[in-house]
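# An overview of the molecular structure
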2 protein chains.
Amino acid sequence: MNLLEATLASIHPQDTVWRARAKARLDQLIMPHWALGRLMDLALDLAGISRSMAPPVARKTIVTMAGDHGVAAEGVSKYPQEVTAQMVFGFVGGMAGINALANVAGARIVVVDMGVAADLSPLASAGRILDKKIAPATGNIAGGPAMTRHQAVRAVEAGIEVVEQLAETTDVFGTGDMGIANTTPSTAIVAALTGLPAADLTGRGTGISDDQLARKTAVVEQALATNCPDPTDALDVLAKVGGFEIGGIAGVVLGAAARQKPVVIDGFISTAGALLAQLLCPMSAEYIIAAHRSAEPGHSAMHTHLGKQPLLDLGLRLGEGTGAALAMPLLDAAERILTQVATFDEAHVSKEQP
Amino acid sequence: MNLLEATLASIHPQDTVWRARAKARLDQLIMPHWALGRLMDLALDLAGISRSMAPPVARKTIVTMAGDHGVAAEGVSKYPQEVTAQMVFGFVGGMAGINALANVAGARIVVVDMGVAADLSPLASAGRILDKKIAPATGNIAGGPAMTRHQAVRAVEAGIEVVEQLAETTDVFGTGDMGIANTTPSTAIVAALTGLPAADLTGRGTGISDDQLARKTAVVEQALATNCPDPTDALDVLAKVGGFEIGGIAGVVLGAAARQKPVVIDGFISTAGALLAQLLCPMSAEYIIAAHRSAEPGHSAMHTHLGKQPLLDLGLRLGEGTGAALAMPLLDAAERILTQVATFDEAHVSKEQP
């Protein structure tokens, strides 16, 4: 049994006893019933995930997976491919959006080279990033598969390995991505899994023009027509129209679920990875917290398919893990509601009138 | 000139030069243009409010205004009036929802007795709350005015005084409320100001039944018919169908605006106070940040009237300042985006392709 199979076999659902125990307490807090709404739903998830009435949430790690994409050659992005590697240097230098927002969340950032089209070995040797490079960029999905099935397994396993390496020092995982052109494979993934038309799902990514949007939509359609991914086989979808960082994110979700830790998924690309994890193991979705609804039109279809309602809706479209970082304080809040608020009996507050 | 008039005269708009300066920097950050969406809009507001490219946001104070309501006698709430005072003890004892959430936000809580129907002077003497009690509960608005016009002025001025007392040690204000039955006057206020029918605006507050909801709607209609508040005169609306804590919140908004500090308004009751502040001085709205959309049906109408889009939508209906506390980390995030993220030139990242 390989690492992927072993991981899938070790994923169990949330614990319903701990969920019920948490609900019994939340029902009695000194406030109108369930007056903190979705924060209380989140507290139930944290209790069910961590099997605890005091779910650990302090130690947060955002895993930002970077990879390049052959399909960038089709002109689907506003930025040149070299930006992927440049942004990795930006993350390591503390200069990017994710650095600023992880800082607010009190989260550590771990950057992983899943397949960047540049030699990042000096950063890896210096311990500044993790080296899980599968290959220097995927194949162009407009003309053939992104990767082999073997590479797809390796990409997912790399994500699991990263979680294994970090799990002892992490209470809450977050996911993030960097990869010029990666909304294109993500759109192909959600189109393949939902059967919805590419035209309804394709968005402007980094902010492309109307002409580029039409071109990008055609590229997604072509990628699906050329590769015929099997929507019942996550590894086939990943291999045919995916990306290395997307596979890595799927692995982070599976690894977190196996370790019974919550994983806060970021935006469009992270949710594509989460959809693949869900297809590999439906129970893994019970460990997923959807951070935000991005500006990409296909994101809502992803959330519907995943069965998740995102916490935030702030028009974000950056990736990197920024949305996950912004949502993380809500996990702290949910934990405090469970542990720090008194019940009516404890506080001697009068209950409802008959 | 009394304190209220002096405060209104000292409120100026946001500074457009600082907004433009902030925009020029945000336009150049190493990310697709405006890729952090509403967080970047928020950063512009913070720059325009504080006249700074590094808007101070560290020192946060949530002012939770408590008051009782004669209209509680009409059976519009699920809880008895004594709960208002009991919850003040809960706040002081650190046992309530706002304590848990202010803790996450790193915010201090200042509780103000604006008109609680209990003797809270021991708490005030001990310095645990501020005593601004106008009277021990308003009049029952179903049968007459809530308060005199003089009391309305005093309530708003009390809020201004609280800000004056705290401004030297506060970068960001938040508002909160406690007052059994106070969604009823808040609904009457938004109905009076917008002219919308009470039936479209009245909600379940603490979670009342269908019968109670019908009764509450009738009480709001009766309060408006009996008192005929003048929708062009905020002090008349406050006096006729308002509440002491609602007036106090209006004062906090005005005081913060006069001090050029952002004020994060909480839910339905706080937004009623903000609407009165806006009517007294439209420019004060430029200092308001709307924290969240509550479960009360009339809240969206309030936000529309105020011209604000709330940051969060989590089904909250607690008050106390809990939504303001949850939104506060987003202000930290907006500030960090402005101060900690590099520009394309600074980071040597390639710009858009031609």
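Residues numbered from 1 in each chain as written. Chains lettered and ligands numbered in written order. Predicted model: local features only at pLDDT ≥ 70, side-chain atom pairs only at ≥ 80, totals over all residues. Heavy atoms only, no water.

The pairing of strands in a sheet comes from backbone hydrogen bonds and takes either a parallel or an antiparallel form. Residue and element names in this part refer to chain A. On the basis of which strands lie adjacent, the open sheet formed by 6 strands has the order β3-β2-β1-β4-β5-β6 and parallel pairing. Each edge of the open sheet is held by one strand with a lone partner, namely β3 (130–131) and β6 (288–290). Two elements, strand β1 (residues 60–67) and strand β4 (residues 172–178), share 7 bridges in a ladder whose sense is parallel. Paired with T64 across the two strands is G176, which belongs to β4. (Pairing = 2+ DSSP bridges. Helix = DSSP H or I, 4+ residues; strand = E, 2+ residues; numbered from the N terminus.)

So, about the sheet that holds strand β3 (residues 130–131) of chain B. Residue and element names in this part refer to chain B. An order of β3-β2-β1-β4-β5-β6 is seen for the 6 strands of this open sheet, with the pairing classed as parallel. This sheet does not close on itself; its edge strands, each paired only once, are β3 and β6 (288–290). Two strands pair when backbone bridges link them, and strand β5 (residues 263–265) and β6 are joined in this way by 3 bridges, in the parallel orientation. What sits directly across from V263, in β6, is I288. Of the strands in this sheet, β1 (60–67), β2 (107–115), β4 (172–178), β5 and β6 touch helix α15 (residues 322–340), which is tilted by about 170 degrees from β4. (Contact = heavy atoms within 4.5 Å. Axes fitted to C-alpha atoms, helices over the stretch in contact; angles between N-to-C directions.)

So, on to unusual backbone geometry. Residues and elements named next belong to chain B. Positioned with a positive phi, W34 is a non-glycine residue whose angle comes to about 55 degrees. Within the secondary structure, W34 is located in the loop between α2 (16–26) and α3 (37–50). With relative accessibility at 15%, the residue W34 sits in the buried group. Positive phi values are uncommon outside glycine, yet A181 reaches one of about 85 degrees. By the element assignment, A181 lies in the loop between β4 and α8 (183–194). (Buried < 20%, exposed > 50% of the residue type's maximum accessible area, 1.4 Å probe, protein only.)

Looking now at the packing of helix α5 (residues 97–105) of chain A against helix α15 (residues 322–340) of chain A. Residues and elements named next belong to chain A. Close contact between α5 and α15 brings their axes to 8 Å; oriented N to C, the two are set at 15 degrees. By the criterion of interaxial angle, the relationship of α5 to α15 is roughly parallel. Note that α5 runs across α15; the crossing there is left-handed. The residues of α15 that touch α5, namely those facing G97, I98, L101, A102 and A105, are T322, A325, L326, M328 and P329. Along the lines of polarity and charge, the residues of the contact of α5 with α15 split into 8 nonpolar, 2 polar and no charged. (Parallel < 35°, antiparallel > 145°, perpendicular 65-115°, else oblique. Left-handed = near helix turned anticlockwise from the far one by under 90°. Nonpolar A, V, L, I, M, F, W, Y, C, P; charged D, E, K, R; others polar.)

A separate point is the interface of chain B and chain A. Contacts between the two partners involve 55 residues from chain B, matched on the other side by 55 residues from chain A. Along the contact surface separating chain B from chain A lie 2 salt bridges. Between E352 of chain A and K78 of chain B there is a salt bridge; the shortest N-O distance is 3.5 Å. Run the count over chain B and chain A and you get 16 residue pairs in polar contact (both at pLDDT 80 or more). Of all the secondary structure elements, the ones that give two or more residues to the side of chain B that touches chain A are α3, α4 (82–92), α5 (97–105), α15 and α16 (344–347) of chain B. It is α15 of chain B that provides the largest number of residues to the side of chain B that touches chain A, a total of 9 residues. Partitioned by chemical class, the residues of the side of chain B that touches chain A number 31 nonpolar, 14 polar and 10 charged. (Salt bridge = Lys/Arg side-chain N within 4 Å of Asp/Glu carboxyl O. Polar contact = N/O pair within 3.5 Å; in protein donor to acceptor, adjacent residues only side chain to side chain.)

Take chain B, turn it by 180 degrees, move it 0.0 Å along the axis, and it overlays chain A with an RMSD of 0.0 Å. Taken together, the rotation and translation relating the two chain copies correspond to the operation of a two-fold axis. Closest approach to the rotation axis among the C-alpha atoms of chain B is made by L312 of chain B, whose C-alpha sits 3.2 Å away. Counting the interface residues of chain B, we find that 100% of their copies in chain A are interface residues as well, pointing to one common contact surface. (Least-squares fit on C-alpha atoms with pLDDT ≥ 70 in both.)

Residue and element names in this part refer to chain A. Along its sequence, chain A is organised into domain 1 (3–55 + 337–347) and domain 2 (60–331). Domain 1 puts 16 residues into the contact, and the matching count from domain 2 is 25 residues. Together, the buried faces of domain 1 and domain 2 total about 1,900 Å²; carbon and sulfur atoms form 68% of this surface. Contact with domain 2 buries area across many residues of domain 1, yet L4, I11 and R38 alone supply 33% of it, more than any other trio. On inspection of domain 1 and its partner domain 2, the count reaches 0 salt bridges. The tally of links from domain 1 across to domain 2 stands at 8 residue pairs in polar contact (both at pLDDT 80 or more). (Domains from an automatic or database assignment. Buried area = accessible area lost by both parts, 1.4 Å probe.)

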